[in-house]
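# Tertiary structure, described
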Amino acid sequence: PYQAEISQGRLEALLNFQTVVSDLTGLPIANASLLDEATAIAEAMHMLHAARPKELANAHKFFADSGLLPQNIDVLRTRCAPIGVELVVGDVATFDPADGYFGIALQYPALNGTVTDHRALVQQAKAAGVRVAVCADLLALVLLTPPGEWGADVVVGNSQRFGVPMGYGGPHAAFFATSEDFKRSMPGRIIGVSVDRRG
């Protein structure tokens with residue numbers, strides 16, 4: 001799965017996958033090589049920490065909504081510790097972006113199935129320079145408003161919902177979509193289309 005170069009057909013499948021993810025998340029760039037949703041949200045946290053704006057250079061707190069899937073919180077906790085990030089898990093209603101945070105993670109739909117429009121929260125966070133990552137259900141995004149439309153910086157999740165059976169692997173298990181701002185720092189591999197000098 002990690003050697004797309006051996007097969008033109010696989011390259012095309014990965015490009016199709018990235019296009020579908022980009023359309024459903026409402027964000028312009030998607031990649032095609034992350035392991036699972038928990039790893040992907042941890043990579044998103046790491047990327048947002050590394051790319052935080054100058055005014056938040058001393059911000060080392062990352063907020064995870066308690067509605068995140070438990071494995072997502074566990075992997076976040078494991079990945080935060082070595083890089084000096086303080087993970088705060090709590091009710092998103094109590095989140096105060098001015099309290100030393102550089103990022104926040106939301107689950108959409110949440111662990112209990114609730115679907116919340118986080119538009120106001122995202123605007124409040126962005127006004128304070130805090131970046132927003134969302135763990136989304138890819139199949140649910142067929143019907144729900146894409147997080148990119150309400151201002152999310154990163155949307156990650158699990159593509160098994162599109163019918164890749166457990167244990168069968170497939171060319172991609174997780175998805176990771178983001179804005180143009182992070183195209184040079186996003187993890188994984190991006191399959192692109194090149195155009196020669198004759199078009």
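Here, every reference points to the structure presented above.
Residues numbered from 1 in each chain as written. Predicted model: local features only at pLDDT ≥ 70, side-chain atom pairs only at ≥ 80, totals over all residues. Heavy atoms only, no water.

## Observations concerning the layout of surface pockets
Put simply, the test is: Every definition here rests on a 1 Å grid over the protein atoms only: cavities are sets of points where a 1.4 Å probe fits but cannot get out, pockets are open sets enclosed by protein on both sides within 12 Å along at least five of seven lines, and lining residues have some atom within 4 Å of a point. Grid points are joined across faces, edges and corners, and a volume is the space filled by probe spheres set on the points. Secondary structure elements follow DSSP: runs of H or I no shorter than four residues count as helices, runs of E no shorter than two count as strands, and numbering proceeds from the N terminus. Residue type decides the class: Asp, Glu, Lys and Arg count as charged, Ala, Val, Leu, Ile, Met, Phe, Trp, Tyr, Cys and Pro as nonpolar, and the leftover types, Gly among them, as polar.
Here the largest pocket is characterised by a volume of approximately 230 Å³. In terms of lining, the largest pocket is formed by 17 residues, of which the most central are Glu37, Leu69, Gln107, Asp137 and Asn158. The element that contributes the greatest number of residues to the lining of the largest pocket is strand E5 (residues 131-137), accounting for 3 residues. Partitioning the lining of the largest pocket into residue classes produces 8 nonpolar, 5 polar and 4 charged.

## With respect to the pairing of strand E2 (residues 61-65)
Counted only if it meets this: Think of it in three bands: residues with accessible area under 20% of the maximum for their type are buried, residues over 50% are exposed, and the middle band is partly exposed, with areas taken using a 1.4 Å probe on protein chains only. Only strands that DSSP links by at least two bridges are regarded as paired with each other. Look down the strands so they point away from you; if the path from the first strand over the helix to the second goes clockwise, the crossover is right-handed.
Of all 5 residues making up E2, 5 are buried, and the element is well covered by its neighbours. Side-chain alternation along E2 places Lys61, Phe63 and Asp65 on one buried face and Phe62 and Ala64 on a second face that is also buried. Sheet topology note: the E2/strand E3 (residues 86-90) ladder contains 5 bridges and is parallel. Bridging from a neighbouring strand, alanine 64 pairs with valine 89 of E3. Chirality of the crossover, the property in question, places the unit of E2, helix H3 (residues 70-80) and E3 among those that are right-handed. As defined by bridge partners, E2 adjoins strand E4 (residues 101-108) across 4 bridges and the pair is classed as parallel.

## Notes on helix H4 (residues 119-127)
In plain terms, the rule: This arc is built from the directions going out from the helix axis to the C-beta atoms. By definition, residues are in contact when any of their heavy atoms lie within 4.5 Å.
Residues of H4 that are buried: Leu121, Val122 and Ala125. One side of H4 carries all its buried residues, which in axial view fall inside an arc of 95°. For H4, the exposed residues set more than 90 degrees away from the buried face come down to Ala120, Gln123 and Ala127. Considering only its buried residues, H4 is in contact with E4 and E5. Remark: glycine 129 follows H4 within two positions and exhibits a positive phi of approximately 85°.

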